[in-house]
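# Summary of the model geometry
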Amino acid sequence: MTTRKLKALETKKTLLETGLELFHKKGFDNVTVDEIAKKCNVSKGAFYVHFNTKYDIFNEKFKDIDNFYSTFQQGIPKNISASEKILMFYKAQMIYLRDELGKDLIRNVYMNAMSLTINKNHYLADPDRNLYKVINSFVQEGIENNEFKEELTTEEASVLITRCMRGTIYDWIIFGEEFDVVQEMTKFTSTILNGLKK
């Protein structure tokens, strides 16, 4: 890799980390592209070389999060049921979102996603995300091992299970601090999984 490309990667990383830090401290709506660029000692134009909007910083971060999901999946015991794998995976996801990203950042991700024209290609709903591929693989395993009913396809069952995740995150955003996102995720997802079991 050339020195120029290395410098570009370093600049992008700095913009990403600085943007996320400012969003966390001040709230997404209170941070401008100018402020991110200034704090990184680069021009506003340099920001736009790497990101189209400040919202794209979220999309970049979510790619990192999906890499976390893939890594976590590899550590899940092979000898437990598909339901247990899904619950273990979702518990780790909720802890990661709560402790690493925080409610304010996630709220802004969802608010910005809802302000756009949502379609199948939106990153939060993209079936090619690692998050959805992991859940899909667990559901497929559950069907093949006769744990889940075969009345729904793998895709249909996966959609129901991932709605548990998105719905719980949405409730976490709108309800007060007494809402335990890990506990509520477990209850909601367990109920759906029990309905899918043979």
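Residues numbered from 1 in each chain as written. Predicted model: local features only at pLDDT ≥ 70, side-chain atom pairs only at ≥ 80, totals over all residues. Heavy atoms only, no water.

## Overview of unusual backbone geometry
Rules: Numbered from the N terminus, helices here are DSSP runs of H or I no shorter than four residues, and strands are runs of E no shorter than two. Accessible area is worked out with a 1.4 Å probe on protein chains only. A residue is then buried under 20% of its type maximum, exposed over 50%, and partly exposed in between.
Residue Asn41 is not a glycine yet carries a positive backbone phi of 60°. Non-glycine residue Asn146 carries a positive phi angle of around 60°. Relative to the assigned elements, Asn146 resides in the loop between helix H7 (130-144) and helix H8 (154-174). When its relative accessible area of 46% is taken as the criterion, Asn146 is described as partly exposed.

## A short note on a nonpolar patch on the surface
Applied cut-off: Surface patches are drawn from residues lacking salt bridges whose relative accessible area is over 30%; two like charges belong together within 9 Å, two nonpolar side chains (Val, Leu, Ile, Met, Phe, Trp, Tyr) within 5 Å. Note that accessible areas follow from Shrake-Rupley with a 1.4 Å probe, and for residues the cover is restricted to the protein chains shown. Every case where a carboxyl oxygen of Asp or Glu lies within 4 Å of a side-chain nitrogen of Lys or Arg is listed as a salt bridge.
A cluster of nonpolar side chains, Met111, Met114, Tyr170, Ile174 and Phe175, forms an exposed patch at the surface whose accessible area comes to about 490 Å². In this fold, Ile174 is placed in helix H8.

## Notes on the packing of helix H5 (residues 82-101) against helix H9 (residues 181-196)
This is how the line gets drawn: Every axis corresponds to a line fitted to the C-alpha atoms, with the helix fit spanning only the stretch in contact, and the corresponding angles, defined between N-to-C directions, vary from 0 to 180 degrees. When an angle is under 35 degrees it counts as roughly parallel; over 145 it counts as roughly antiparallel; between 65 and 115 it counts as roughly perpendicular; any other value is oblique. Take the far helix as the reference: if the near one is turned anticlockwise from it by less than a right angle, the crossing is left-handed, and if turned clockwise, right-handed. Contacts were defined at the residue level, with two residues in contact if any of their heavy atoms lie within 4.5 Å. Asp, Glu, Lys and Arg are counted as charged, while Ala, Val, Leu, Ile, Met, Phe, Trp, Tyr, Cys and Pro are counted as nonpolar; the rest, among them Gly, fall into the polar class.
Put simply, H5 and H9 touch, their axes get as near as 9 Å, and they point 155° apart. As judged from the angle between their axes, H5 and H9 are roughly antiparallel. Judged by the twist between their axes, the crossing of H5 over H9 is right-handed. Of the residues in H9, those touching H5 at Ser83, Ile86, Leu87, Tyr90, Lys91, Met94, Ile95 and Arg98 are Val181, Val182, Met185, Thr186, Thr189, Ser190 and Leu193. When its residues are assigned to classes, the contact of H5 with H9 shows 9 nonpolar, 4 polar and 2 charged.

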